[in-house]
Amino acid sequence: QCPTRDQGARSLGRLQTGGAAPTQGARESVRYNDPLRAQDYRPADAMTIAHLAANYERLTMNIEQARFNMIEQQIRPWNVLNQHVLDLLAQTPREMFVPESFRSLAFSDANIPIGHGQTMMSPKMEARLLQSLDVQAGDEALEVGTGSGYLTALLARSCKHVLSVEIIGELSQQAGGTLTRQGITNLALEVGDGVRGWPQCAPYDVIAVTGSVYRLDTHLQQQLRIGGRLFAIVGEEPVMEARLITRVDEDEWSNEDLFETSLAPLIGAEPPKRFIL
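Undergrad: Can you break down the sheet that holds strand 7 (residues 187–191) residue by residue, with the values?
TA: The sheet built from 7 strands is open, its strands ordered 7-6-5-8-9-10-11 with mixed pairing. Each edge of the sheet is formed by a strand with only one pairing partner; in this case those strands are strand 7 and strand 11 (252–261). Geometrically, the sheet is characterised by an average inter-axis angle of 15° between neighbouring strands, direction not taken into account. Alignment of strand 5 (residues 140–144) against strand 8 (residues 204–209), held across 4 bridges, turns out to be parallel. Paired with glutamate 143 across the two strands is alanine 208, which belongs to strand 8. Relative to the sheet, helix 3 (residues 123–133) contacts strand 8, strand 9 (224–236), strand 10 (239–249) and strand 11, its axis offset from that of strand 9 by approximately 150°.

See below:
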């Protein structure tokens, strides 16, 4: 069943607050919830609180500098010049979508592991995808492969509604929790196999495929509206093509190969195994 887009997204799960608040005057240990979850905060004197505040400011400044460097040193040089995309990357906290054990790598030019053998796209790949799709405020988008939820957030902050499909239930649940904490509601998450799209909610203005596919299933492009755009990385190691498909008429699509790259395959879209004698 397709979520009703005009009614907003369905619930992505209740954020657990950890029970009742401590009574007044209690000296219970409370988690100091800065972006890096660096330490515990225990109620103390004004000097300690001032030290913690200064430490928090230093950590925040380091994060913002790393985010700035990511944009200026990785993304702009990769020919991403769309100001909306650059602003979106500056304003969306990538570090919140990265597993805590890899948070120090949140802004690195790397495919960060997120569990279950899956990885995040590199920041520059996410940026090129968004720029290529030219997402508009009124668009309805399909994302194949929710992963960490970071690209889901970028899409949701660019368009009217996102339906994101993830084959691994635990990843979908984790992404849903993060998206909820970020206050992003114009989306719905589904657990299932999206390699052939999600036809029950078609058509879409935008389709983003977040893992590579050996061959692109034609069912995906059939789910585009006229004028709709599909981004996918097609082929196998060592060289794959980032491809943009646009539906120009009821029975006509244009194909544009954008650049060569490499990306881990979607589950169910891997190249066939070859036997070497």
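Undergrad: Tell me about the environment of leucine 163, residues and numbers included.
TA: By the element assignment, leucine 163 lies in strand 6 (residues 161–166). Here the alpha-carbon distance between leucine 163 and leucine 187, two residues 24 residues apart in the chain, equals 5.7 Å.

Undergrad: Got a sec to walk through helix 3? Specific residues and values, please.
TA: Of all 11 residues making up helix 3, 10 are buried, and the element is well covered by its neighbours. Within helix 3, the full set of buried residues consists of Pro123, Lys124, Met125, Glu126, Ala127, Arg128, Leu129, Leu130, Ser132 and Leu133. Downstream of helix 3 by one or two residues, aspartate 134 has phi in the positive range, about 50°.

Undergrad: Would you mind going over the nonpolar core in detail, with residue names and values included?
TA: Counting 47 residues, the largest nonpolar core has Ile75, Leu89, Leu129, Leu130 and Leu133 as its most contacted members. With near-sequence residues (within four places) excluded, isoleucine 75 lies in contact with Met70, Val80, Leu86, Leu89, Pro123, Lys124 and Ala127. Counting residues in hydrophobic clusters, the runner-up holds 22 residues, among them Leu163, Val213, Leu224 and Ala232.

Undergrad: Can you explain the pattern of salt bridges? Please cite residues and give values.
TA: Within this structure, the stated rule accounts for 12 salt bridges. Between arginine 225 and aspartate 205 there is a salt bridge; the shortest N-O distance is 3.0 Å. Taken together, the residues arginine 225 in strand 9 and aspartate 205 in strand 8 connect sequence positions 20 residues apart. Here aspartate 205 falls in the buried class, since its relative accessible area comes to 14%. Three or more residues joined by partner-sharing salt bridges are found here, namely Glu140, Lys160, Asp205 and Arg225.

Cut-offs and rules
Residues numbered from 1 in each chain as written. Predicted model: local features only at pLDDT ≥ 70, side-chain atom pairs only at ≥ 80, totals over all residues. Heavy atoms only, no water. Pairing = 2+ DSSP bridges. Helix = DSSP H or I, 4+ residues; strand = E, 2+ residues; numbered from the N terminus. Axes fitted to C-alpha atoms, helices over the stretch in contact; angles between N-to-C directions. Contact = heavy atoms within 4.5 Å. Buried < 20%, exposed > 50% of the residue type's maximum accessible area, 1.4 Å probe, protein only. Core = buried A, V, L, I, M, F, W, Y, C linked by side-chain atoms within 4.5 Å. Salt bridge = Lys/Arg side-chain N within 4 Å of Asp/Glu carboxyl O.

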